[in-house]
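Given next are the chains, with one letter for each unit.
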Amino acid sequence: MRMISFVFLAVQVLFHVCSAWIPSPLHQVRRTFDLATRTSFGRGGPVGSQIGQEVQDAIWNDFQYNVAVRFVAGISSNEWPILQELMNALANELDVTLNQPVEQHFLKEHVSSHKYHGTTGRVLLLEMECTSTNYSEDDEEFQETFLAMLREWVDEVIYSGSGNIVNPILMSFLPNYSDADLEAVAQNLIEECIETYELAKPLSFQTQNDNASDRFSFIPSEVLEVDGAFIQEDSTEEKSWDTSAVAIFDHLVSDNLRQRLLALIGGNEDKMEPDPKQWARGGLMDLPMGDEEGASQTTATGTGIVCLGMTPQAISDLCKEQAHDAIEEVQDIWRRLFPDYHVTRLSEAVLGDSVSPLTANAPMFGDSFQVHIDGDPYFAPPSPWTDVYGRYPNRCTGKPRFVSFLIYLNPEWKDEWGASTLFLDVATDTKSHVAPYPGRCVLMDQDISHSVTAPSLENLGPRYSLVFKLILHPKMRHQSMRALNCGRSWPFSTQLGSAADSHVTNEL
């Protein structure tokens, strides 16, 4: 997590409520709005008071709804009064009765999942009563509206920094029964949300003979550390020294696999231009919607030529699971490289469907690119991800770590041809270039500032690379997420810029 000017905070994403089954499904609803356009407490947003009033006028005149707070977990005693105030204000605005406990001993500890680690365990379960005897679509619409508005208001408090609520809360209405084990309901709600939105979906993989395990080299040629800073993982913890990491591997991918990956993305080793069916000038930007300042693909300086990008259909085809043997071989490499973690692709539910878990770059002579970051869990917008995992510094103990994995695909590349990947230590403006040698792989934290650079010669054609957005999930509670070597002996890291300000050396 780095406080940098081009952090992408105002992004359009899909929001949600997810469900659990004990014994019948909890209510589900998906929400959409733009953080940048919301007014105080979100009342001007798409699910604000105007829509609430329209829904109320349409269907609630004949019913009297009562909402009761049944279960609260993971909410601190400092946060609870603010949440109570928001719920009371919402009940008044929607003209419903709210019954909620006053005693703080009602607050439970966070709910833990036995299947998934790193979740916040912050859950709010509500129950609805209505003068109508039968559950109807009107009841469902009321629940959708109530939850959507409450989430919007809570999100505004969190992202504006105007209150003590620090992380989103997973919210749901209970089905019409009262004798359930509510902690079990909350636990299942968390797990169902993770599975519904594929937040921790296991990878499929396939091993080929020419990539047998005895040919793997999991020792990087070079390790870099950048962006050194003292961070506080939790309000109760002391600050600790943190750096972002870049690891460069030169023997992970065989030449056979490199060739098949190049063919998969429509690259051609003999032609200047890639396959026009898969690439287009002004193609997919692969950045959160609205993140113009951090755009990595822009018009070329002084030429007005738009850079190459994969078409949306090509990206969709590339991301299909169990459809490409070459991709599954790469995923098998990750499985072997990171035995201490569960490796997953970045779900669209984290940053929205404009950021795909796989994409490709093909910079050409004359193109111009800007420095950007791929992602940062601390600045993740309201989404299914933040409802379950919250916002936190990358590499935080026991929390999923955001990394990107880059593979260079050209059959030949010389240093004088340029087109390196530029890494930037923002605090000191220190730069480091990684050359795109054939089959070279670069593992990097997603919160590192970096940029594509263009080839230096006009007759070279594109410099191809394939980019994977990954999440490393802990296999146990309170697991250290800083060690990427997984017990192997890696070379000493080179500390760049602010990373060299402390004499502390992190285990990478």
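The rules behind these values
- Residues numbered from 1 in each chain as written.
- Predicted model: local features only at pLDDT ≥ 70, side-chain atom pairs only at ≥ 80, totals over all residues.
- Heavy atoms only, no water.
- Helix = DSSP H or I, 4+ residues; strand = E, 2+ residues; numbered from the N terminus.
- Buried < 20%, exposed > 50% of the residue type's maximum accessible area, 1.4 Å probe, protein only.
- Areas by Shrake-Rupley, 256 points an atom, 1.4 Å probe, with all protein chains shown as cover.
- Axes fitted to C-alpha atoms, helices over the stretch in contact; angles between N-to-C directions.
- Parallel < 35°, antiparallel > 145°, perpendicular 65-115°, else oblique.
- Left-handed = near helix turned anticlockwise from the far one by under 90°.
- Contact = heavy atoms within 4.5 Å.
- Nonpolar A, V, L, I, M, F, W, Y, C, P; charged D, E, K, R; others polar.
- Phe/Tyr/Trp six-rings, centres within 6.5 Å; stacked < 30°, edge-to-face > 60°.
- Lys NZ or Arg CZ within 6 Å of the ring centre and 35° of its normal.
- pLDDT = per-residue confidence, 0-100.
- Pairing = 2+ DSSP bridges.
- Core = buried A, V, L, I, M, F, W, Y, C linked by side-chain atoms within 4.5 Å.
- Arc of directions from axis to C-beta.
- Salt bridge = Lys/Arg side-chain N within 4 Å of Asp/Glu carboxyl O.

### A short note on the overall build of the protein
So, point 1. Helix and strand counts for the protein come out as 9 helices and 19 strands.
So, point 2. Classification of the 508 residues of the protein by burial places 58% in the buried group.
So, point 3. As displayed, the protein offers around 20,800 Å² of accessible surface, 48% of which is attributable to carbon and sulfur atoms.

### Looking at the packing of helix α5 (residues 255-264) against helix α7 (residues 325-337)
So, point 1. Two elements in contact, α5 and α7, have axes separated by 9 Å at closest approach and are oriented at 130°. Looking at the two axes, α5 sits oblique to α7. Of the two elements, α5 crosses α7, and the hand of that crossing is left-handed. Judged by residue contacts, Leu-257, Arg-260, Leu-261 and Leu-264 of α5 engage Asp-325, Ala-326, Ile-327, Glu-329, Val-330 and Ile-333 from α7.
So, point 2. Here the residues of the contact of α5 with α7 are counted per class, giving 7 nonpolar, no polar and 3 charged.

### Digging into the packing of aromatic side chains
So, point 1. Counted under the stated rule, the structure contains 14 aromatic pairs.
So, point 2. A network of ring pairs unites the aromatic residues Tyr-65, Phe-142, Phe-146 and Phe-173 as a single cluster.
So, point 3. Positioned above the aromatic ring of Tyr-159, the side-chain terminus of Arg-391 is 4.6 Å from the ring centre.
So, point 4. One residue, Arg-391, lies across the ring of Tyr-378, its end atom 5.6 Å from the ring centre.

### Some words on the confidence of the model for the protein
So, point 1. The predicted model of the protein has a mean per-residue pLDDT of 80, with 76% of residues at 70 or higher.
So, point 2. In this model residues 288-304 is a low-confidence stretch, pLDDT under 50, and it forms 48 contacts with partners more than four residues away in sequence or in other chains.

### Regarding the environment of Asn-164
So, point 1. For Asn-164, the position within the fold is in the loop between α3 (137-160) and β6 (170-173).
So, point 2. What makes Asn-164 partly exposed here is its relative accessible area of 48%.
So, point 3. Expressed as a C-alpha distance, the spacing of Asn-164 and Trp-80, which sit 84 residues apart in the sequence, is 9.2 Å.
So, point 4. Dropping the residues within four chain positions of it, Asn-164 is found in contact with Asn-78, Glu-79 and Ile-82.

### Observations regarding unusual backbone geometry
So, point 1. Unlike most non-glycine residues, Asp-227 shows phi in positive territory, near 55°.
So, point 2. Position of Asp-227 among the secondary structure elements: in strand β7 (residues 222-231).
So, point 3. Using a relative accessible area of 4% as the deciding quantity, one classes Asp-227 as buried.
So, point 4. Residues other than glycine seldom take positive phi values, yet Cys-486 does so here, at roughly 50°.
So, point 5. With respect to the helices, strands and loops of the structure, Cys-486 is situated in the loop between β18 (465-474) and β19 (494-495).
So, point 6. Note on Cys-486: relative accessible area 11%, which makes it buried.

### Some thoughts on the pairing of strand β12 (residues 358-361)
So, point 1. Burial along β12 is two-sided: the residues Leu-358 and Ala-360 and Thr-359 and Asn-361 are all buried.
So, point 2. In the sheet, β12 pairs with β18 via 4 bridges, with the strands oriented antiparallel. Counted as the bridge partner of Leu-358 is Phe-468 from β18.

### Some points on the nonpolar core
So, point 1. Residues Ile-265, Phe-405 and Phe-468 are the most contacted members of the largest nonpolar core, which totals 48 residues.
So, point 2. At 6 residues, α7 tops the list of elements feeding residues into this core.
So, point 3. Setting aside residues no more than four positions away along its own chain, Phe-405 makes contact with Leu-252, Val-330, Trp-334, Leu-337, Cys-441, Val-442, Leu-443, Leu-466, Val-467, Phe-468 and Leu-470.
So, point 4. By size, the runner-up hydrophobic cluster in this structure holds 34 residues, among which are Leu-83, Phe-106, Leu-150 and Phe-173.

### Here we look at helix α6 (residues 312-319)
So, point 1. Of all the residues in α6, the buried ones are Ala-314, Ile-315, Leu-318 and Cys-319. Summarising the axial view, the buried residues of α6 lie within an arc of 130°, below the 170-degree limit, and thus occupy one face. In α6, the exposed positions angled more than 90 degrees off the buried face are occupied by Pro-312 and Gln-313.
So, point 2. In this fold, the buried residues of α6 make contact with α5, β10 (308-310), α7, β11 (341-345), β12 and β18.

### With respect to the sheet that holds strand β14 (residues 421-425)
So, point 1. What the 3 strands build is an open sheet, ordered β15-β14-β17; its pairing is antiparallel. Here the strands that pair on one side only, and so sit at the sheet edges, are β15 (430-434) and β17 (449-452). Neighbour to neighbour, the strand axes of the sheet diverge by 25° on average, direction disregarded.
So, point 2. In the sheet, β14 pairs with β17 via 4 bridges, with the strands oriented antiparallel. Counted as the bridge partner of Leu-424 is Ser-449 from β17.

### Examining the pattern of salt bridges
So, point 1. For the structure on display, the rule yields 18 salt bridges.
So, point 2. Via salt bridges that share partners, Glu-233, Asp-242, Arg-395, Arg-401, Asp-445, Asp-447 and Arg-482 belong to a single interconnected network.

### Some remarks on the pairing of β18
So, point 1. Counting buried residues in β18 gives 10 out of 10 residues, a clear majority hidden from the surface.
So, point 2. Covered by surrounding structure in β18 are Ser-465, Val-467, Lys-469, Ile-471 and His-473 together with Leu-466, Phe-468, Leu-470, Leu-472 and Pro-474, the residues of both alternating faces.
So, point 3. For β11 and β18, the ladder comprises 5 bridges, and the chain directions are antiparallel. Across the sheet, the residue bridging to Val-343 is Leu-472, located in β18.

### What about the environment of Glu-140?
So, point 1. With respect to the helices and strands, the residue Glu-140 is situated in helix α3.
So, point 2. Counting along the chain gives 33 residues from Glu-140 to Phe-173, while the straight-line C-alpha distance between them is 9.8 Å.

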